[in-house]
Amino acid sequence: MRLFVGLGNPGSKYANNRHNIGFMAVDEIARRHGFAPWRRRFQGETSEGTLDREKVVLLRPTTYMNESGRAVQEAANFFKLSAGDITVFQDELELPAAKVRIKIGGGIAGHNGLRSISSHIGNDYRRVRLGIGHPGVKELVHSHVLSDFAKSDRPWVEALCEAVAENAGLLATGKDSTFQNKVHLALQAKGFFDKEEDGGDKPA
C-alpha cells in the first residue's frame with residue numbers, strides 16, 4: 001500500500017493558491033482513476049483506489065500547511081506504513097513553473113508542510129516537487145505562494161496535474177525516473193518547454 005499526500009491549505013479562500021498545487025494534483029489523480037469519494041479521517045480527507053494494481057490512499061490534510069505532519073503520521077500509523085511508503089506532492093519555489101523533480105529525503109528548503117511532516121515521520125519519504133517558480137526576491141515569497149495562480153498560469157497548471165495523474169501508476173510502483181521523464185515530455189508536447197531545453201531529462 002502507498003500513501004499519496006497532497007499539500008495545501010483547506011477552504012475555498014486558499015483553493016487556487018500556488019501553495020495548493022499538491023491538493024490539485026491528488027484531486028486529479030482521484031478523478032482520473034475513479035477513486036472512492038473523499039471522506040474525513042486522520043485530520044484530513046482521504047480517497048482510496050488502485051494504481052497499476054497497487055492500493056493507494058490519497059490524503060489531503062485539513063490541518064493547515066504547517067501542521068500537515070499530524071495528519072500524515074495518523075494515517076501512516078493506522079495503515080502501518082513506513083516513510084518509504086509515503087509520497088508527498090508539494091509546491092516548489094526553486095523549480096521553474098511546470099517543472100517536476102522527485103527526491104527522497106534531503107532538505108526541506110523552508111517548506112512548512114515538509115518541516116511538519118519530517119518532524120512527525122522522519123525525512124525518508126518521497127517528494128514530488130511541482131515547480132511554481134520564484135518571485136525573484138525573498139521578501140515576496142510569502143505573498144507569492146499564498147496568492148492564486150494567474151489566469152495565464154491555468155493552462156500549464158491543468159496540463160501538469162493531468163500529466164501527474166496520467167502517470168501516477170509509475171509512482172505507485174517505484175518507477176520515479178520514468179514518471180519524471182513522462183511528465184516532462186507531456187508538458188513539452190503541449191508547448192510549455194522548448195525542445196532544446198533541459199538536456200538533463202533523458203528517457204528512462
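About the cut-offs
Residues numbered from 1 in each chain as written. Predicted model: local features only at pLDDT ≥ 70, side-chain atom pairs only at ≥ 80, totals over all residues. Heavy atoms only, no water. UniProt positions renumbered as here; feature names shortened; annotations may be inferred. Helix = DSSP H or I, 4+ residues; strand = E, 2+ residues; numbered from the N terminus. Buried < 20%, exposed > 50% of the residue type's maximum accessible area, 1.4 Å probe, protein only. Contact = heavy atoms within 4.5 Å. Core = buried A, V, L, I, M, F, W, Y, C linked by side-chain atoms within 4.5 Å. Phe/Tyr/Trp six-rings, centres within 6.5 Å; stacked < 30°, edge-to-face > 60°. Salt bridge = Lys/Arg side-chain N within 4 Å of Asp/Glu carboxyl O.

Identification of the protein chain as Peptidyl-tRNA hydrolase from Bradyrhizobium algeriense is taken from an unreviewed UniProt entry. Turning to the protein chain, the UniProt record has this under Subcellular location (unreviewed entry): "Cytoplasm". UniProt annotates the protein chain under Sequence similarities (unreviewed entry) with the comment "Belongs to the PTH family."

1. Side note on the UniProt feature "active site" (unreviewed entry) in the protein chain
Following the UniProt record, one finds the feature "active site" (unreviewed entry) at H19. Of note, H19 is situated in the loop between β1 (2-6) and α1 (21-32). Judged by relative accessible area, which is 11%, H19 ranks as buried. Not counting residues within four places of it along the chain, the set of residues in contact with H19 comprises L7, G8, N9, M65, D91, H111, V145 and L146.

2. Looking at the nonpolar core
Ranked by size, the top nonpolar core spans 38 residues in total, and within it F4, I21, I29, F89, L130, L160 and F179 carry the most contacts. For this core, the elements supplying multiple residues, two or more each, are α1, β4 (54-61), β6 (100-104), β7 (126-131), α4 (141-145), α5 (154-166), α6 (168-172) and α7 (176-189). Among the elements that make up this core, the one with the highest residue count is α5 (eight residues). One finds V5, A83, I86 and V88 within the second-largest nonpolar core, a separate group that totals 19 residues.

3. A look at helix α3 (residues 112-121)
Those residues of α3 lying buried are G113, L114, S116, I117 and S118. Tucked into the core, α3 has its buried residues touching α2 (68-79), β5 (86-92) and β7. After α3 finishes, the residue G122 shows a positive phi value of roughly 90°.

4. Thoughts on the packing of aromatic side chains
On inspection of all chains with the given rule, the structure shows six aromatic pairs. Taking 4.9 Å as the distance between ring centres and 90° as the angle between the ring planes, the aromatic pair formed by F78 and F79 counts as edge-to-face. Given the relative accessible area of 49%, F78 is considered partly exposed. Classification of F79 as buried rests on a relative accessible area of 16%. Counting every residue linked through ring pairs, the aromatic cluster contains F42, F78 and F79.

5. Section: the pattern of salt bridges
Scanning all chains against the criterion turns up 15 salt bridges. Between D85 and R2 there is a salt bridge, and its shortest N-O distance comes to 3.9 Å. With D85 in the loop between α2 and β5 and R2 in strand β1, this residue pair connects regions lying 83 residues apart in the sequence. Given the relative accessible area of 18%, R2 is considered buried. Where E48 meets K55, a salt bridge forms, and the shortest distance between an N and an O atom there is 3.4 Å. According to the relative accessible area criterion, K55 is partly exposed, its value standing at 39%. Connected through salt bridges with shared partners, the residues D27, R40, E45 and R60 form a single ionic network.

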